[in-house]
Amino acid sequence: MLRSHVCALSVGVSFALVGCASDPADSATLDPSASTTSDVTDGTTADPTTGEPPGEPFEPAPGGLRRLLRHQYVGSVRYLLGDAAAAAADPPNDYSLHGFDAIGAAELSLQASAIEQIETSARAVAAAAVADRGRLGSFVPCVLEPEPTDACYQKVADDLGRLAWRRPLTAEETAPLVDIAVQARNWADDDFAAGLQYELMALLQAPEFLYIVEVGEPADGDPNNRPLTPAELATRMSFFLLGRTPDAELLDLAATGGLASPEQIRATAAALLARPEARDTLRTFYSELLLLRDLPGVNKSAELFPNFTPELARAMQQETLHLLDDIVWDQDADFRSLFDADYTFVDATLAAFYGLPAPTEPGFQAVPLEPEHERAGLLGHASFLARLAHPSLTSPTRRGLFVRTKLLCEGVAPPPPGVDTSLPPPDPNKPQTMKQKLVQHMEDPKCNGCHVQIDPIGFALEHFDAIGAWRPNDQGLPLDVTGSTADLGAFDGARELAGLLATDERTASCVIRNFIRGSLGHLETLGERPVFLDLEDSFADGGFRLQHLLVELTASPIFRSVGAPK
Amino acid sequence: MSRFTLNRRTFLRGALGGAAACVGLPLMEAMLDNHGEALADGSPLPTRFMTWFFGNGVILPRFEPAAVGANYPLSEELQPLAEVREYITVLTGLKNRCEQLITHHEGMTVFNGHTMVEINGLFSKAGGPTIDQLIAAKIGKDTPIESVHLGVSKHLSIMDSGTTMHALSHKGPNEPQFPKFNPQEVWNLLFGSFAPKPDDRPLRTGILDAVRDQTARLRRRLGKLDNERLDAHLDGVDALEKKITAAPPVCALPDMPDETNTDINGVEPITAVNDVMSDLLVYAFTCDITRVASVLFHGGAAETVFSELGQQVGHHYNTHDPAAQQAVHEGVVYMMQRFAAMLEKFKAAVDVDGKNLLDTSIIFCSSDCAEGLTHSVERQPIILAGHGRDKLIYPGIHYQAAPYPTSAGNTSDVLLTCLKAFDPAATAVGAGAPRSATPLAAIHGAKF
């Protein structure tokens, strides 16, 4: 793909995260944690108006520790110890930074109560795994024998330990685990099961289980460019694509040089994507990105929206996830149709909510969206429209800001100091629509630098109320759903906006950025830019298919290497 | 070694004989020395500290009392505190000197005297340790749990990100102490792990020893940031071992509450959760399980709706609507009622030496701005409840920094005063413009 000037500009600008308001200096530092490397994120190393300078070196983001996210912990426990153990798992909460739990897991420390919760969870998981030993026995058969000896504890440490810690354990590392098991067996009157339980507890409380370690080995003596070790790469691929610890086959493959070349990595990634866990992992990813997770718990006015029940909210979540599944897995189609699809998925609950014909069969079915529905793609989904609104009112600003930050990956500065963020007081004799209030607000020169970029996007969605239902007017006043921004141009309503967003080059770029942020756990750095541009091209060349992108991302140096540990 | 913690080697020899039974001895007899002026082991009587946060400020003309000094008249918004008013000192007119203004975040500087770091749009991290953690570092070693962090309304801001607006307590930029919003989880944290049956504590501490060794091997391969994270992890391991090996409390423990902080038909059970959390705090303090707490009652810029008032619109949204300022006022009164409900439980609770918990505690209460409409932090109000065994002034006063309306009075002076109540050697708190090296003499108590 020929890279256009606009595309290069958008990358340069976005990597430097230029704010829109009066004080861009505040928002110039993209990733402070990366500032210990030679990354300069204020744009001084690259001229954003001309794209990358010739010979710009690739420098990967810093390596180090990433704590297992809750779903990764549970997924790993399910793989290692079975469904009952997974049901008992209750690791510490995730806390996001920059909108992603993965970034929080790469930067934040655990507090004391979390360490206690790790112990509590390990105890519950281990008890369940010992009570139902089938899964564990598939890896370590001796636990199923009638009277196992202490030698079985060594087998658990070696064989399960390798899967849980994602690398072979040394004798120095297994000895304390076996010691704990033997002590527990003695403490419990020679009960093998007790020893097994405490050994599993020890394995699951180890930092080697709780944190993914990615430090690589320096290539050619360059401390800032360190290809991941084969076991680290297998681990990163497995968590990225399957949401869990790597299986024995993948670790074996890595250990025998099977992940050495990009072609080998692509083939392996494609094989992992064919597993059912890949779908679940992608659903988890987009549930976070698109704020679907807590939709059933959001506050909506019970007086205005008595129909906003948890059941309806769950149907809204499922609509978006069904469309995602359809585009990515069933059709393997251009991912950008997520933003402008002229069809969607509804069940009876949601069909009634949208005023669409009920599906002929139970569950969700695809239905066409006609122009008169004014919906197309994600921005017409009630999940998005309800989540990005207030309890009783719409919020063009929230909707627009989400499009800017999560779909276009742009940075937006906060309101300037001292600004009065209040909307004009209503005149009871002159009722105003939400748009009219905001337009008046936007006349303030301190505000309009940002709001002219944000609010018009939301104006196009004003036919959808605070829970995403279509409305003919706003408090009886006619709606004007036209708008324009300097970068997107003019649009009339949600469908035109959707079309503009789907074909905007920043949208495709942002799909990739979100995986770096939400899966690899860091804001993209300037040093990654040369390789990132290749990924953008590759995504386009592959017809913007997400499966293709995920494979290409795993084979990319961004994925395969890290910088000096942070 | 603290008095609740057995020497570890002693413990390993002796613990298998069975944990001490959890009996409901009256606290005073069990814990006090013969003169009633110290604990049985000779250590001083305990003093507690707590921060309490409510979001989006007040309405200053309806909050600030009309006169200063003792016997000040309670304002409309302070009226809910009438039952505990002798324990209430109100500070107004002080300036939060945070160096960066990004709306709401800067207000949190009132709890630590540090400007936020890594600011990026509506993202920031706390710039330094909050006052509760400074005090916990001084007195937390004396109890099984160093500090506990609770929240009441769980609908925090979805537009702000980072740690500043989502945790009230911080040890540093990457060490937020996130609150727990479910009373059952708080109960587990405070009371759930004492006197395990069967007693497997030597095995559990053995696992923790293994974790320490594993961590030591790991850290050599990592950089500065991750080593700091592993330090925090090891601090947590030490805290867990201390709790595991602590003697069970000698007071009767409460039953696990039924309340789980689940919304019903869109109504968040704020009053019920606040009441249960307050009860748990009273137990935790009077049993001396911890001496430091933070309560994030309601987040700044949060999504919370005060449905119990019949409101349909979020309190934060209301603060930005000039036509809704009466609803904002009612929200502030409602929050002060919840604060008062907790303080009244403290006043009714009998501490180890017969005093009430307001006599023996200091509670620091503030918000993330002075008024939500403007986000101003110029006159950011602070409420101090309790005098902490006469370290702070009693009966309480209204202190107003002069001149009106914009003084240079530093909110961090109040932080330093609180810190010195627990650590007389402390000389300063915070950094940069919000730093203070000048405690506020006007609120010193008889034994400061």
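To be clear, the structure that these remarks concern was listed above.
Not measured: the values here are computed from a predicted model. Along each chain, numbering runs from 1 in the same order as the chain's sequence is written. In the order they appear in the text, chains get letters beginning with A and ligands get numbers beginning with 1. The model is predicted, so local features are restricted to residues of pLDDT at least 70 and side-chain atom pairs to those at 80 or more, both for listing and for counting; the totals for chains, interfaces and linings are taken over all residues. Only hydrogens and water are set aside; all other atoms, that is, all heavy atoms of the structure, feed into the side-chain values.

Student: Quick rundown of the overall build of chain A? Include the residues and the values.
Tutor: Each helix and strand counted, chain A has 25 helices and ten strands in total. A total of 566 residues make up chain A; the buried ones form 60% of that total. By definition, residues are in contact when any of their heavy atoms lie within 4.5 Å. Contacts spanning at least 24 positions in sequence make up 70% of the contacts within chain A whose residues lie at least 6 apart. In this description, accessible areas are obtained by the Shrake-Rupley approach with a 1.4 Å probe, and a residue is regarded as covered only by the protein chains that are shown. Accessible surface, chain A as shown: approximately 20,300 Å² in total, 54% of it carbon and sulfur. Runs of E in the DSSP output that reach at least two residues are strands. Runs of H or I that reach at least four are helices, and both are numbered from the N terminus. Any residue under 20% of the maximum accessible area for its type is buried, any over 50% is exposed, and the rest in between are partly exposed; the area is computed with a 1.4 Å probe on protein chains only.

Student: Kindly report on the interface of chain A and chain B, identifying the contributing residues and their values.
Tutor: If you look at the interface, chain A gives 79 residues, while chain B gives 77 residues. At the boundary of chain A with chain B, total buried surface from both sides reaches about 6,300 Å², with 58% on carbon and sulfur atoms. Whenever Lys or Arg places a side-chain nitrogen within 4 Å of a carboxyl oxygen from Asp or Glu, that contact is recorded as a salt bridge. For the pair chain A and chain B, the interface holds eight salt bridges. Lys243(B) is the partner of Glu116(A) in a salt bridge, and the nearest nitrogen-oxygen pair spans 2.7 Å. Any pair of nitrogen or oxygen atoms within 3.5 Å is treated as a polar contact; in protein, a donor-acceptor pairing is required on top of that, and neighbouring residues in sequence qualify only through side-chain atoms on both sides. Our count for the contact surface shared by chain A and chain B stands at 21 residue pairs in polar contact (both at pLDDT 80 or more). Among the secondary structure elements, those contributing two or more residues to the side of chain A that touches chain B are strand S1 (62–67), helix H4 (101–107), helix H5 (112–131), helix H8 (171–187), helix H9 (192–205), helix H10 (207–210), strand S2 (211–214) and helix H18 (396–407) of chain A. Summed over both partners, the accessible area (1.4 Å probe) lost when two parts come together is defined as the buried area.

Student: Could you give an account of the state of the cysteines, naming the residues involved and the relevant values?
Tutor: All names here are of chain A. Disulfides are defined as pairs of cysteine sulfur atoms found within 2.5 Å of each other. All chains considered together, the criterion is met by two disulfides over all chains. The partner cysteine of Cys-142 in its disulfide is Cys-152, sulfur to sulfur 2.0 Å. As the torsion about the S-S bond is roughly 85°, the Cys-142-Cys-152 disulfide counts as right-handed. With Cys-142 in the loop between helix H6 (134–139) and helix H7 (151–165) and Cys-152 in helix H7, this pair connects stretches of sequence that are ten residues apart. Of the residues examined, Cys-142 reaches a relative accessible area of 11% and is grouped as buried. By relative accessible area, Cys-152 is classed as buried at 3%.

Student: Now, about the sheet that holds S2(A): what can you tell me, with residues and values included?
Tutor: Across a sheet, strands are paired by hydrogen bonds formed along the backbone, either parallel or antiparallel in direction. With mixed pairing, the four strands of this open sheet are ordered in space as S2-S1-S10-S3 (chain A). Of all strands in the sheet, those bounded by a partner on one side alone are S2 and strand S3 (226–227) of chain A. A pair of strands is labelled paired if DSSP reports no fewer than 2 bridges between them. Sheet topology places S1(A) next to strand S10 (residues 561–565) of chain A; two bridges connect them, and they run parallel. Looking across to S10(A), one finds that Pro62(A) is bridged to Gly563(A). For helices, the axis comes from a line fit to the C-alpha atoms of the stretch in contact; other axes are also lines fit to C-alpha atoms, and the angle between any two N-to-C directions lies between 0 and 180 degrees. On top of the sheet, helix H11 (residues 230–242) of chain A reaches S1, S2 and S10 of chain A; it is set at about 135° to S2(A), its chief contact. Sheet strands touched by helix H7 (residues 224–245) of chain B: S1 and S2 of chain A. Its angle to S1(A), the strand with the most contacts, is close to 25°.

Student: Which residues make up the side chain of Glu524(A), and what values go with them?
Tutor: Residues and elements named next belong to chain A. With respect to the secondary-structure elements, Glu-524 resides in the loop between helix H22 (505–520) and helix H23 (529–541). Here the side chain of Glu-524 touches Arg-513 through a polar contact of 2.9 Å, side chain to side chain. In this structure the side chain of Glu-524 is engaged in a polar contact, spanning 2.7 Å, whose partner is the side chain of Arg-517.

Student: Residues and numbers for the side chain of His522(A), please.
Tutor: Residues and elements named next belong to chain A. Structurally, His-522 is set in the loop between H22 and H23. Looking at His-522, the relative accessible area reads 13%, which means it is buried. Side chain to side chain, His-522 and Glu-528 meet in a polar contact 2.9 Å long. Beyond its immediate sequence surroundings of up to four residues, His-522 is in contact with Ala-61, Ile-103, Ile-516, Arg-517 and Glu-528.

Student: If you had to explain the sheet that holds strand S7 (residues 161–162) of chain B to someone new, which residues and values would you point to?
Tutor: Residue and element names in this part refer to chain B. A sheet is described by the order of its strands in space; here three strands give the open sequence S4-S5-S7, paired in mixed fashion. Edge strands, defined here as strands with exactly one partner in the open sheet, are strand S4 (117–120) and S7. Strand direction decides the pairing type here: strand S5 (residues 123–125) and S7, joined by two bridges, are parallel. Across the sheet, Phe-123 pairs through a bridge with Ser-161, a residue of S7.

Student: If you had to explain the packing of aromatic side chains to someone new, which residues and values would you point to?
Tutor: Ring pairs shown here join Phe, Tyr and Trp side chains whose ring centres sit within 6.5 Å, with only the six-membered ring taken for Trp; geometry is labelled stacked below 30 degrees between planes, edge-to-face above 60, and tilted in between. One pass over the structure, following the stated rule, counts 26 aromatic pairs over all chains. Seen in terms of ring centroids, Tyr286(A) and Phe515(A) are 6.0 Å apart; in terms of plane orientation they differ by 85°. Their pairing is edge-to-face. With Tyr286(A) in helix H14 (residues 276–289) and Phe515(A) in helix H22, the pair connects residues that are 229 residues apart, well separated along the chain. For Tyr286(A), a relative accessible area of 3% corresponds to the buried category. Under the relative-accessibility criterion, Phe515(A) is labelled buried at 2%. Ring centres 4.7 Å apart and planes at 50° place the aromatic pair Phe306(B) and Tyr334(B) in the tilted group. Linking Phe306(B) in the loop between strand S10 (292–298) and helix H9 (315–319) with Tyr334(B) in helix H10 (residues 325–348), this pair joins segments that are 28 residues apart in sequence. Like Tyr334(B), Phe306(B) is buried. Cluster of aromatic residues (ring-pair linked, three or more members): Phe240(A), Phe285(A), Tyr286(A), Phe335(A), Phe339(A), Phe515(A) and Phe559(A). Here, over-ring charges are defined by two tests on the NZ atom of lysine or the CZ atom of arginine: distance to the ring centre within 6 Å, and angle to the ring normal within 35 degrees. Sitting over the ring of Phe559(A), Arg236(A) keeps its end group 5.5 Å from the ring centre.

Student: Got a sec to walk through the environment of Asn120(B)? Specific residues and values, please.
Tutor: Residue and element names in this part refer to chain B. When you line up the elements, Asn-120 lands in strand S4. On the basis of relative accessible area, Asn-120 is assigned to the buried category, the value being 11%. Expressed as a C-alpha distance, the spacing of Asn-120 and Asn-56, which sit 64 residues apart in the sequence, is 21 Å.

Student: How would you sum up the pairing of strand S12 (residues 382–385) of chain B? Please name residues and give values.
Tutor: Residue and element names in this part refer to chain B. Along S12, one buried face is formed by Ile-382 and Leu-384 and the opposite face, lined by Ile-383 and Ala-385, is buried too. Where strand S3 (residues 88–92) meets S12, four bridges bridge the pair, whose relative direction is antiparallel. When the bridges of S12 are listed, Leu-91 appears paired with Ile-382. Of the pairings in the sheet, the one linking strand S11 (residues 361–366) to S12 comprises four bridges and is antiparallel in character. Note that in S12 the partner of Cys-365 across the bridge is Ile-383.

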